[in-house]
Amino acid sequence: MPDERRNRERRAQARRKADRKVTTGSKLDLILDVTRRLMSITDLDALLRDMAQATTTLLDADRATIFIVDRDKNELWSRVALGTGVGEIRLAMGVGIAGTVAATGETINIPDAYADPRFNPEPDKRSGYRTRSLLTFPMTGQNGRVIGVFQVVNKKGGEHFTTDDEETLSSLGASAAVAVENAQLLAGQKRLWETLIETLAVTIDARDQQTAGHSQRVTRYAEVIGRAMGLAGIELEKLRAAALLHDYGKIAVRDEFLTKPGKLDEAEFAYMKAHAEKTGEFLAHLEFPHDMREVPIMAAQHHERMDGKGYPRGLPAERIVLGARIVAVADVFDALTAPRYYKPAYTLEKTLEIMETMAGDHLDPAVIGALRKNIHDLEWTLESLKHTWPKPGALGVGRVPEGPGLSQRDEEPKV
Ligand SMILES: [Fe+2]
Ligand SMILES: [Fe+2]
């Protein structure tokens, strides 16, 4: 009998061992899978959400929060909180459990949160949730500094987190830190890029007071129209960059022509028209990211016309890219709705009336259709941008009337 019992125990032990092997094996697979996935995600928020989800599953936890350290403010904030229903949590470094982990770089595993004096019960009070067990782990960056903190809450089945769980988190944490640092680096580069082209646009608008804020407004209008036409993601980014930079070539136009009141003579107008070509030339010097290579073309085509009578190339409609057609419409929309030295700010009704007559020969009718359909969004955007209009009395504003409608600077005269 004792032999039989021993055999039974041995069989049970072998079964448990096999079970554990399967669990450990699949856990490793899961960690590898998560790591691979993390490395391919470059959007920080998407990455953190994925990480929080994976950690919750791996550790059999109820919910997870990921805090990111803000070195400038010396605090950390909950960038992703799965299933908490609580708003953003901000903590000073060294305060609370997550703050302590961020300051010391050490893992804290607490079986009963309410028995620990560092635990802050406020978020529980606000959400009605009951925190029991907590495992809080630091994400350490390449220079050894803590860049974020993982926190998993309530091990399922009323248990608490084990040293096994701590090991799992640490194997995930190392690669997660690399992925987070990469994403932060990319976000920083993107921000640098965006502010660089915004600065270029501000520079060009500052040269001519009567078109102050023009590039910024054209960009906002182009975005509204682009979205309405189904553009999203990188397509919208390209459109934004092209709109911001469309008049950049004006940097090469001498002040006397740029701000000359009244009509330009033929030679002066030909000189002024060169700005579109120059935009393309100058932007060709910028090393655009691969998926944004079309931006200089898009920007340089903003005075091309559907009937092939535009400038600088006189391209036929089929060679004018959609982004350029949208920028062209947004450009005219701003020229009409904002005050210029030769005209007051036109009402939306009058603007639409004039633009309808331009659909077909000059502007793309499909883009004009999107403009008409989304006129309320554009009106709202216009209202929010009125403070960027040229101020009455600014150099050149309200000087010499040139006649009704658009200036020749905004529209190639019909021949
Ligand atoms: Fe232009
Ligand atoms: Fe323009």
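The sections below set out a description of the structure shown in this document. (Residues numbered from 1 in each chain as written. Chains lettered and ligands numbered in written order. Predicted model: local features only at pLDDT ≥ 70, side-chain atom pairs only at ≥ 80, totals over all residues.)

1. Observations concerning the overall build of the protein
When helices and strands are tallied, the protein shows 14 helices and six strands. The proportion of buried residues among the 415 residues of the protein is 33%. By sequence separation, contacts in the protein at least 24 residues apart represent 64% of the contacts at least 6 residues apart. (Helix = DSSP H or I, 4+ residues; strand = E, 2+ residues; numbered from the N terminus. Buried ≥ 20, exposed ≤ 12 C-beta atoms within 10 Å, placed from the backbone. Contact = placed C-beta atoms within 7 Å.)

2. Some points on the environment of E268
Among the structural elements, E268 can be located in helix α9 (residues 266-283). Sequence spacing of E268 and F257 is 11 residues, and the spatial spacing of their C-alpha atoms is 6.9 Å.

3. As for the nonpolar core
Ranked by internal contacts, the top residues of the largest apolar core, which has 43 residues, are I225, V327, V329 and A330. Top contributing element to this core by residue count: helix α11 (residues 322-337), with 10 residues. Non-local contacts of A330, meaning those with residues more than four positions away in its chain, are made with V218, Y221, A222, I225 and A243. Within the second largest apolar cluster, 36 residues are counted, among which are V80, I97, A102 and A176. (Core = buried A, V, L, I, M, F, W, Y, C linked by C-beta atoms within 7 Å.)

4. A short note on α9
Taking 1.5 Å of rise per residue, the 18 residues of α9 would be expected to cover 26 Å, and the 27 Å separating its terminal C-alpha atoms lies within 8% of that figure. At E277, α9 shows its largest bend, some 35°. (Expected span 1.5 Å × (residues − 1). Bend = angle between axes of the 7 residues up to and from the residue.)

5. Some remarks on the pairing of strand β6 (residues 146-155)
In terms of burial, β6 is largely enclosed, as 10 of its 10 residues are buried. Alignment of strand β1 (residues 61-70) against β6, held across seven bridges, turns out to be antiparallel. Bridge pairing in β6 links T65 to Q151. Relative to β6, strand β5 (residues 134-140) is paired through seven bridges, and the arrangement is antiparallel. Considered in β6, the bridge of T140 is made with V146. Counting the residues that bridge the hairpin from β5 to β6 gives five residues, and of these G144 lies at a positive phi of roughly 85°. (Pairing = 2+ DSSP bridges.)

6. Notes on helix α7 (residues 233-245)
Its 13 residues place the ends of α7 19 Å apart at the C-alpha level, agreeing with the 18 Å of an ideal helix rising 1.5 Å per residue. Listed as buried for α7 are K238, L239, R240, A241, A242, A243, L244 and L245. Buried residues belonging to α7 abut α5 (163-207), α6 (214-228), α9, α10 (295-300) and α11.

7. Re the packing of α6 against α7
At a minimum axis separation of 8 Å, α6 and α7 run at an interaxial angle of 155°. When the axis of α6 is compared with that of α7, the two are roughly antiparallel. Seen from above, α6 lies across α7 with right-handed handedness. Residues S215, V218, T219, A222, E223, G226 and R227 of α6 pack against L236, L239, R240, A243 and L244 of α7. Along the lines of polarity and charge, the residues of the contact of α6 with α7 split into six nonpolar, three polar and three charged. (Axes fitted to C-alpha atoms, helices over the stretch in contact; angles between N-to-C directions. Parallel < 35°, antiparallel > 145°, perpendicular 65-115°, else oblique. Left-handed = near helix turned anticlockwise from the far one by under 90°. Nonpolar A, V, L, I, M, F, W, Y, C, P; charged D, E, K, R; others polar.)

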